[in-house]
Every structure is written in C-alpha cells, then in structure tokens.
Amino acid sequence: MEIYDRWTHIHNRIRQACIRVDRNPDDVTVLAVTKNADDAAVAAARDLGILHMGENRIQQARRRRQAFPDIHWHFIGTLQTNKVKYCRDFALIHSLDRWRLAEALNRQAERWKTPIAVLVQVNPGGEEQKHGLATDEARRFVHQVAAECPHLTVRGLMSMAPFVEDPETVRPVFRWVKQLQSQLQADGFEVPVLSMGMTNDYEVAVEEGATLVRIGSALFREEV
Ligand SMILES: *Cc1c(COP(=O)(O)O)cnc(C)c1O
C-alpha cells in the first residue's frame with residue numbers, strides 16, 4: 001500500500017467513527033507521528049496535505065522543524081527540564097506531566113516573551129511506568145498551572161492508553177479523560193484539545209471525543 005492509500009483508509013475510519021457518535025469529522029485532526037519515518041516519507045505526508053506532525057525526541061524534533069518549516073510541529077515525548085530551551089516554535093507541547101517542568105517551561109516562555117501552549121498529560125490507568133498525572137492530581141494540577149504559570153497556555157489534555165489487543169479495553173480511559181475535560185470546562189477553563197488515540201485505538205478514542213489523534217505506524221508502515 002502507498003501512503004496515499006493508508007491515509008485514505010485512516011481518514012475513512014475516522015469519518016465512520018464520527019458518524020457512529022454524531023460528531024463532525026472536521027473536529028478531529030490527525031497528527032502524523034514521524035519518529036520512525038524518513039524525510040522522504042515526511043515529505044510525502046506533507047504533500048498529502050497533512051499539516052500537523054509530532055516527534056517524541058527533542059533533537060529530531062528540532063531538526064525536523066528546520067527541515068519542514070511549513071508543518072505545525074508538536075512535541076509529544078517525555079521532556080527533561082534542561083531541554084525546555086529547545087521548545088521554541090512548537091505548535092503544542094503534549095507532555096506536561098509534573099510541576100517542575102511547568103515551572104521550567106513558564107520561566108523559558110517568560111524569557112522569550114512568548115507563551116508556550118501545552119497539554120497536561122494524564123494517566124488514568126495509573127500505570128507506574130507511564131508518564132502522566134493520576135486521576136485525583138490532574139484537576140488540581142491544571143488549577144495550579146493556570147494560577148502560577150502565566151506564560152503557559154493549557155489547551156487541553158493528552159493521554160496515552162496502555163497497549164492492549166482489543167482497543168475496547170481502553171475505552172474507559174478515554175471516557176475518563178473526556179470527563180476530566182468537562183470538569184475543567186465547568187471550572188471555567190478553555191481546554192478544547194483532547195490528544196488521545198494512536199494506531200491501535202484511534203477509532204475508540206474518536207468515539208470518546210478525541211480532537212487530535214497521534215498516528216505513526218498506520219500511516220508510515222505497511223504492516224499495519
Ligand atoms: C509513537 C507515538 C505515537 C504513535 O504510535 P503508533 O502506535 O505508531 O501510532 C503516539 N503518541 C506518542 C506519545 C508516541 O510516542
């Protein structure tokens with residue numbers, strides 16, 4: 001299959017998932033995860049009209065941003081506090097998951113006099129090896145960032161569900177993230193973005209309200 005066919009396939013499945021739950025497909029954006037793609041594949045994806053792409057390693061993310069300046073680059077990986085100085089010009093940082101990092105990003109944004117847009121990474125499954133804030137912490141954390149980090153803009157939530165054979169298993173995870181979003185909206189925050197769903201589970205994520213699905217292998221590798 002060519003990348004065009006894989007893209008069409010993904011597009012159709014997202015459209016069908018939207019139809020099942022009465023959502024507008026225009027409200028779902030595909031973020032192409034390019035961590036395992038070469039530059040030729042990135043260029044091919046760009047030529048299909050994919051405008052949002054993400055990397056999970058800061059060095060490669062910076063290189064890609066220079067090589068493909070017309071793309072909106074997102075940073076989706078674990079971020080060390082000593083790397084925040086490289087975080088300029090990303091459309092969105094998906095991985096704000098601890099207070100020290102919020103402080104570091106806020107200081108950096110203040111220095112640049114440019115706000116940094118972030119998502120708060122949550123981990124409803126509570127798995128220890130995974131990054132992200134647990135259920136009870138996440139809401140308090142968003143309140144604290146809003147109150148004490150004036151140079152950060154929290155745009156929403158990001159979640160990475162555990163890998164499972166049957167994506168139905170992780171539906172409750174996505175549902176919980178959606179509920180947290182509703183709670184935050186009731187608290188008065190403008191947090192429209194829900195970054196959730198990957199190759200294995202994006203249709204379930206879309207059914208549960210994802211606005212940004214992060215897709216790597218289904219787009220760039222043939223065996224999926
Ligand atoms: C690699 C990666 C993805 C994409 O995973 P696929 O299963 O290949 O679609 C999404 N989000 C993050 C944070 C990743 O590191």
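I will try to describe carefully the structure that is included in this document. (Residues numbered from 1 in each chain as written. Predicted model: local features only at pLDDT ≥ 70, side-chain atom pairs only at ≥ 80, totals over all residues. Heavy atoms only, no water.)

Another aspect to go through is the site of the ligand. All residues adjacent to the ligand are V33, K35, N56, I76, M160, M198, T199, R214, I215, G216 and S217. Contact distances for the ligand include 2.7 Å between an oxygen atom and a side-chain N or O atom of K35. In this structure, R214 approaches the ligand through a side-chain N or O atom, which is 2.9 Å from a nitrogen atom. Considering the ligand on its own, with 390 Å² of exposed area, one finds that the protein chains cover 87% of that surface. The cavity that encloses the ligand is the largest pocket. Here the residues of the shell around the ligand sort into five nonpolar, four polar and two charged. (Near = heavy atom within 4 Å. Polar contact = N/O pair within 3.5 Å; in protein donor to acceptor, adjacent residues only side chain to side chain. Areas by Shrake-Rupley, 256 points an atom, 1.4 Å probe, with all protein chains shown as cover. 1 Å grid on protein atoms, 1.4 Å probe; cavity = no way out; pocket = protein on both sides within 12 Å on 5 of 7 lines; lining within 4 Å. Sits in = over half its atoms within 2 Å of the grid points. Nonpolar A, V, L, I, M, F, W, Y, C, P; charged D, E, K, R; others polar.)

Moving on, we get to the pairing of strand β3 (residues 72-75). Pairing geometry for strand β2 (residues 52-55) and β3, over four bridges, is parallel. Directly across from G54, in β3, lies its bridge partner H74. Bridge count between β3 and strand β4 (residues 92-96): two bridges; the pairing is parallel. If you follow F75 over to β4, its bridge partner there is I93. (Pairing = 2+ DSSP bridges. Helix = DSSP H or I, 4+ residues; strand = E, 2+ residues; numbered from the N terminus.)

Taken as a whole and judged by the stated rule, the model has twelve salt bridges. With a shortest N-O distance of 2.9 Å, D39 and R64 are connected by a salt bridge. Of this pair, D39 sits in helix α2 (residues 39-47) while R64 sits in helix α3 (residues 58-67), and the two are 25 residues apart along the sequence. We classify D39 as partly exposed; its relative accessible area is 30%. As a salt-bridge pair, D97 and R98 come within 2.8 Å of each other at their nearest N and O atoms. (Salt bridge = Lys/Arg side-chain N within 4 Å of Asp/Glu carboxyl O. Buried < 20%, exposed > 50% of the residue type's maximum accessible area, 1.4 Å probe, protein only.)

This part is about the packing of helix α5 (residues 135-148) against helix α6 (residues 171-186). The geometry of α5 relative to α6 is characterised by a closest axis approach of 11 Å and an angle of 30° between their N-to-C directions. Note that α5 runs across α6; the crossing there is right-handed. For the pair α5 and α6, contact is made by T135, A138, R139 and V142 and by W176, L180, Q183 and L184, respectively. Tallied by class, the residues present in the contact of α5 with α6 amount to five nonpolar, two polar and one charged. (Axes fitted to C-alpha atoms, helices over the stretch in contact; angles between N-to-C directions. Left-handed = near helix turned anticlockwise from the far one by under 90°. Contact = heavy atoms within 4.5 Å.)

Aromatic rings considered in pairs are described by the distance between their centres and by the relative angle of their planes. Counted under the stated rule, the structure contains two aromatic pairs. Aromatic pair F75 and F90: ring centres 6.0 Å apart, planes at 45°, arrangement tilted. Of the two residues, F75 is situated in strand β3 and F90 in the loop between β3 and β4; the sequence distance between them amounts to 15 residues. The two residues F75 and F90 agree in class, both being buried. Ring centres 6.4 Å apart and planes at 85° place the aromatic pair W99 and F141 in the edge-to-face group. (Phe/Tyr/Trp six-rings, centres within 6.5 Å; stacked < 30°, edge-to-face > 60°.)

A word on the layout of surface pockets. Taken as a whole, the largest pocket encloses approximately 610 Å³ of empty space. Along the wall of the largest pocket there are 32 residues; nearest its centre are V33, K35, I76, M160 and M198. Mapped by element, the contributors of at least two residues to the lining of the largest pocket are β8 (212-215) and α8 (217-220). The class makeup of the residues in the lining of the largest pocket is 13 nonpolar, twelve polar and seven charged. For the second largest pocket, the calculated volume is near 240 Å³. (Points joined across faces, edges and corners; volume = space filled by probe spheres on them.)

All right, on to unusual backbone geometry then. Backbone geometry at D22 places phi at a positive 65°, although glycine is not the residue there. The residue D22 is located in the loop between α1 (3-20) and β1 (29-33) in this model. Notably, D89 is not glycine yet its phi reads approximately 70°, a positive angle.

The values reported here are purely geometric and, on their own, carry no functional implication.
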